[in-house]
Amino acid sequence: LINTSGVTVTESNVTYINGEIKGDGSVVTVTSGFTADEQISTYLCDTSTGNISITLPASPTVGKVWNFKKIAIDEQVRITSATSIDGVTTSLYIYALNNSYSIQFDGINYKII
């Protein structure tokens, strides 16, 4: 654990830096809706069994970056936020296979980077 507080270690061989997992566990494949976790960096969204709806947290750590990639041809990925995303919308969609978004929280809103 480096510069990390309030984290309970439940498995061995995991590195946390500033509350975020690095290495094994930092990339997760998902098949259903969820709220993005600050410990995870990248979500691979397998939509082969249906749409996936992702909710961004209301007030994550300033500077937190998430990567979301659609890895199945079927259905869609929807990313939503209670605040604006790039000042334009509160929802983003990924329709095409292998398309992705990287999103960063600036302390008030989310930005596509």
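Residues numbered from 1 in each chain as written. Predicted model: local features only at pLDDT ≥ 70, side-chain atom pairs only at ≥ 80, totals over all residues. Heavy atoms only, no water.

On to the overall build of the protein chain. A count of helices and strands for the protein chain gives zero helices and 11 strands. Overall, the protein chain shows an N-to-C arrangement of helices and strands of β-β-β-β-β-β-β-β-β-β-β. Out of the 113 residues belonging to the protein chain, those deemed buried represent 35%. With an accessible surface of roughly 6,200 Å², the protein chain has 47% of that area assigned to carbon and sulfur atoms. (Helix = DSSP H or I, 4+ residues; strand = E, 2+ residues; numbered from the N terminus. Buried < 20%, exposed > 50% of the residue type's maximum accessible area, 1.4 Å probe, protein only. Areas by Shrake-Rupley, 256 points an atom, 1.4 Å probe, with all protein chains shown as cover.)

Moving on, we come to the side chain of Ser81. For Ser81, the location among the structural elements is in strand E8 (residues 77-85). Looking at Ser81, its side chain comes within polar contact range of the main-chain oxygen of Thr83, at 2.8 Å. The residues touching Ser81, leaving out its near neighbours within four places in the chain, are Leu56, Thr90 and Tyr110. (Polar contact = N/O pair within 3.5 Å; in protein donor to acceptor, adjacent residues only side chain to side chain. Contact = heavy atoms within 4.5 Å.)

As a further point, take the pairing of strand E9 (residues 89-94). Sheet topology note: the E8/E9 ladder contains five bridges and is antiparallel. If you follow Thr80 over to E9, its bridge partner there is Ser91. The turn linking E8 back onto E9 is made up of three residues, and Asp86 within it adopts a positive phi angle of 60°. (Pairing = 2+ DSSP bridges.)

Attention now moves to the nonpolar core. If you look at the biggest cluster of nonpolar residues, it comprises 19 residues, and the most contacted ones within it are Tyr43, Ile54, Leu56, Phe68 and Ile79. At the level of secondary structure, the elements contributing two or more residues to this core comprise strand E5 (42-45), strand E6 (52-55), strand E7 (65-70), E8, E9 and strand E10 (100-105). If one sorts the elements of this core by residue count, E8 sits on top with three residues. When neighbours within four sequence positions are excluded, Leu56 is seen to be in contact with Ala36, Trp66, Phe68, Ile79, Thr80, Ser81, Ile85, Ile103 and Tyr110. (Core = buried A, V, L, I, M, F, W, Y, C linked by side-chain atoms within 4.5 Å.)

For the rest of this paragraph, the subject is the pairing of E10. Examined bridge by bridge, E7 and E10 share five bridges and lie antiparallel to one another. Counted as the bridge partner of Val65 is Gln104 from E10. The turn joining E10 and strand E11 (residues 110-112), which pair antiparallel and follow one another in sequence, is formed by four residues; a positive phi near 105° is taken by Gly107.

Considering all chains together, one arrives at five aromatic pairs under this definition. With a centroid separation of 5.7 Å and 5° between ring planes, the pair formed by Tyr43 and Phe68 is classed as stacked. Within this pair, whereas Tyr43 is found in strand E5, its partner Phe68 is found in strand E7, the two being separated by 25 residues in sequence. A relative accessible area of 4% places Tyr43 in the buried class. A relative accessible area of 1% means that Phe68 is categorised as buried. (Phe/Tyr/Trp six-rings, centres within 6.5 Å; stacked < 30°, edge-to-face > 60°.)

Moving on to unusual backbone geometry. In this structure, Glu75 takes a positive phi of about 60° despite not being glycine. By secondary structure assignment, the location of Glu75 is in the loop between E7 and E8. Located in the positive-phi region is Asn98, a residue other than glycine, with phi close to 70°. For Asn98, the position within the fold is in the loop between E9 and E10.

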